[in-house]
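# Structural features, examined
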Amino acid sequence: MTISSQSSRDVTANIATLSDKSVALMHQRKMSDDAVETFQSILQKVQQTNDPKAALRSLSADELDIVRQAHSLAEPINISVLSDEGAANLLTAPGHTRDLNNDGLTTIGEGNMLTFPPDNAPASFKAAWEEASDGLSIMDIPTHMIFAVGLANIGREPGDPNWVNPYASPDYDYGAAVSEIIESVEYQYNHSMISFEQYQKNMSFYNKLTDAMA
C-alpha cells in the first residue's frame, strides 16, 4: 500500500495484518483508510468466534456496512439468508475468501463466484497456473477449466443435491485434464470449429501451462 501522509502511515501500522492484496482491493472499492482500519478491527474482534452468523449479528449497522463495502456487495447484508460459507467469507479479508464446502464455488454473502484454481488443487498446479496466466487479461485466458463447474451443472442451482464439482477429489489429475483439452483444441481446429487465431491463443496458453507443470 502506497500512502504519503503521516496520518496514513499510522493507519498502515494498524492494518498491518491485512495483506497488500486485501488493502489494494478495498482501496479499489473506494474505501478510505479509516474504513479499512475499521474492517481490520472487525476481523480482530470476531476472530475467536466459531459461529460466523453470530459474529455478524454482534456487529453494529455501521460495522455491517463496512463489511459490505469491503466485499463490494450491492445490497445490505441479510444475515438470515446466508449460508455458513457465505457468512464466513464476509469475515475474511478480500482476496482470501475460500470455497469451504468444496462445491467449486466461493460464496461471499449471498453471491457465488467460480473458484479457479480450486482451493484443494495442489500447490504445484496453482503455481503453474499463475505462471501461465501471468501478464494475461481475463479475456486472454482460455476458459475450458475455469467454467468446468458451470458446464457440469447446467440446469442446476448451487445447493442442488445433484450439484457436481469436477475438481472435488484431491486426486484430480490436472495434467490429464490439460492433455485432453489440448487434444480437443486440435480436433476443433482441424474440423474448422475454431479460427486459427483462437487455436493459437489456446495452444500458446496450454503449452505454457504444460511446461510450467513439468
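Not measured: the values here are computed from a predicted model.

## Looking at the overall build of the protein chain
- Summing up its helical and strand segments, the protein chain has ten helices and two strands in all.
- If one aligns the C-alpha atoms of the protein chain with their principal axes, the spans along those axes are about 60 × 45 × 30 Å.
- Considering only contacts in the protein chain between residues 6 or more positions apart, those separated by 24 or more positions represent 51%.
- When the accessible area of the protein chain is evaluated, it comes to approximately 12300 Å², of which 49% is carbon and sulfur surface.
- Distance from the positive charge centre (13 side chains) to the negative charge centre (29 side chains) of the protein chain: 5 Å.

## A look at a negative patch on the surface
- A contiguous patch of negative charge on the surface is contributed by Glu130, Glu131, Asp134 and Asp211.
- The topology assignment puts glutamate 130 in helix α7 (residues 123–133).

## Remarks on the packing of aromatic side chains
- Within this structure, the stated rule accounts for 13 aromatic pairs.
- Judged by centre distance (5.1 Å) and plane angle (75 degrees), the rings of tryptophan 129 and phenylalanine 205 are edge-to-face. One end of the pair, tryptophan 129, is in helix α7; the other, phenylalanine 205, is in helix α10 (residues 196–213), with 76 residues separating them in the sequence.
- Three or more aromatic residues joined by ring pairs make a cluster, and in this case those are Phe116, Phe125, Trp129, Tyr167, Tyr172, Tyr174, Phe205 and Tyr206.

## Description of the pattern of salt bridges
- Evaluated as defined, the whole model comprises four salt bridges.
- Residue lysine 45 is joined to glutamate 63 by a salt bridge in which the shortest nitrogen-to-oxygen separation is 2.9 Å. Of the two residues, lysine 45 sits in helix α3 (residues 33–46) while glutamate 63 sits in helix α5 (residues 61–70), which places them 18 residues apart along the sequence.
- Residue class for lysine 45 comes out partly exposed when judged on its relative accessible area of 46%.
- On the accessibility criterion, glutamate 63 (19% relative accessible area) is buried.

## Focus on the confidence of the model for the protein chain
- Summing up the model confidence of the protein chain, the mean pLDDT is 91 and the portion of residues at 70 or higher is 93%.
- For the protein chain, helix α1 (residues 6–14) is the element with the lowest average pLDDT, namely 35, and helix α9 (residues 174–190) is the one with the highest, namely 98.
- Per-residue pLDDT stays below 50 along residues 1–16; that stretch engages in 20 contacts with residues further than four places along the chain or on separate chains.

## Thoughts on the packing of α7 against α10
- Packing of α7 against α10 leaves a shortest axis separation of 8 Å and a crossing angle of 140 degrees. The angle between α7 and α10 places the two elements in the oblique class. For the pair α7 and α10, the sense of crossing is right-handed. Across the interface between the two elements, Phe125, Ala128, Trp129, Glu131, Ala132 and Ser133 from α7 touch Phe205, Lys208, Leu209, Ala212 and Met213 from α10.
- Here the contact of α7 with α10 is built from residues that sort into eight nonpolar, one polar and two charged.

## Regarding α5
- Turning to α5, its buried residues number three or more, namely Glu63, Leu64, Ile66, Val67 and Ala70. Down the axis, α5 shows its buried residues gathered within 155 degrees of arc, on one side only. The exposed residues of α5 that point more than 90 degrees off its buried face are Ala61 and Asp62.
- Contacts made by the buried residues of α5 are with α2 (20–28), α3, α4 (52–57) and α6 (84–90).
- Just downstream of α5, serine 72 is the residue with a positive phi angle, here 55 degrees.

## A closer look at a nonpolar patch on the surface
- A cluster of nonpolar side chains, Leu114, Phe147, Leu151 and Ile154, forms an exposed patch at the surface whose accessible area comes to about 420 Å².
- Relative to the helices and strands, leucine 151 resides in helix α8 (residues 148–151).
- On the accessibility criterion, leucine 151 (59% relative accessible area) is exposed.

Conventions we followed
- Residue numbers run consecutively from 1 along every chain, following the written order of its sequence.
- Reporting in this predicted model follows two pLDDT cut-offs: at least 70 for local features of residues, and 80 or more for side-chain atom pairs to be given and counted; totals over whole chains, interfaces and linings ignore these cut-offs and use all residues.
- Side-chain measures were taken over the full set of non-hydrogen atoms in the model, leaving aside hydrogen atoms and water.
- Starting at the N terminus, helices and strands are each numbered in turn, a helix being any DSSP run of H or I of at least four residues and a strand any DSSP run of E of at least two.
- In what follows, residue pairs with any heavy atoms lying within 4.5 Å of each other are defined as contacts.
- Here the Shrake-Rupley method, with its probe set to 1.4 Å, supplies the accessible areas, and only the displayed protein chains count as covering residues.
- In this tally Asp and Glu are treated as negative and Lys and Arg as positive; neither His nor the chain ends contributes.
- All charge positions are set by atom: Lys at NZ, Arg at CZ, Asp at CG, Glu at CD.
- Patches were defined on residues exceeding 30% relative accessible area and lacking a salt bridge, with like-charge contacts within 9 Å and nonpolar side-chain contacts (Val, Leu, Ile, Met, Phe, Trp, Tyr) within 5 Å.
- Any Lys or Arg side-chain nitrogen found within 4 Å of a carboxyl oxygen on Asp or Glu counts as a salt bridge.
- Pairing of aromatic side chains requires ring centres within 6.5 Å, counting the rings of Phe and Tyr and the six-membered ring of Trp. Pairs whose planes differ by under 30 degrees are stacked, by over 60 edge-to-face, and all others tilted.
- Accessibility here uses a 1.4 Å probe with only protein chains present; expressed as a share of the type maximum, an area under 20% marks a residue as buried, one over 50% as exposed, and anything in between as partly exposed.
- One confidence number per residue, pLDDT, is output by the predictor and ranges from 0 to 100.
- Every angle, taken between N-to-C directions, lies between 0 and 180 degrees, and every axis is a line fitted to C-alpha atoms, over only the stretch in contact when it is a helix.
- Roughly parallel covers angles under 35 degrees, roughly antiparallel covers those over 145, roughly perpendicular covers 65 to 115, and oblique covers all other angles.
- For a crossing to be left-handed, the near helix must be turned anticlockwise from the far one by less than a right angle; the clockwise case is right-handed.
- Any residue that is not Ala, Val, Leu, Ile, Met, Phe, Trp, Tyr, Cys, Pro, Asp, Glu, Lys or Arg is counted as polar, Gly included; the first ten are nonpolar and the last four charged.
- Starting at the helix axis, one direction is taken to each C-beta atom, and the arc is that of these directions.

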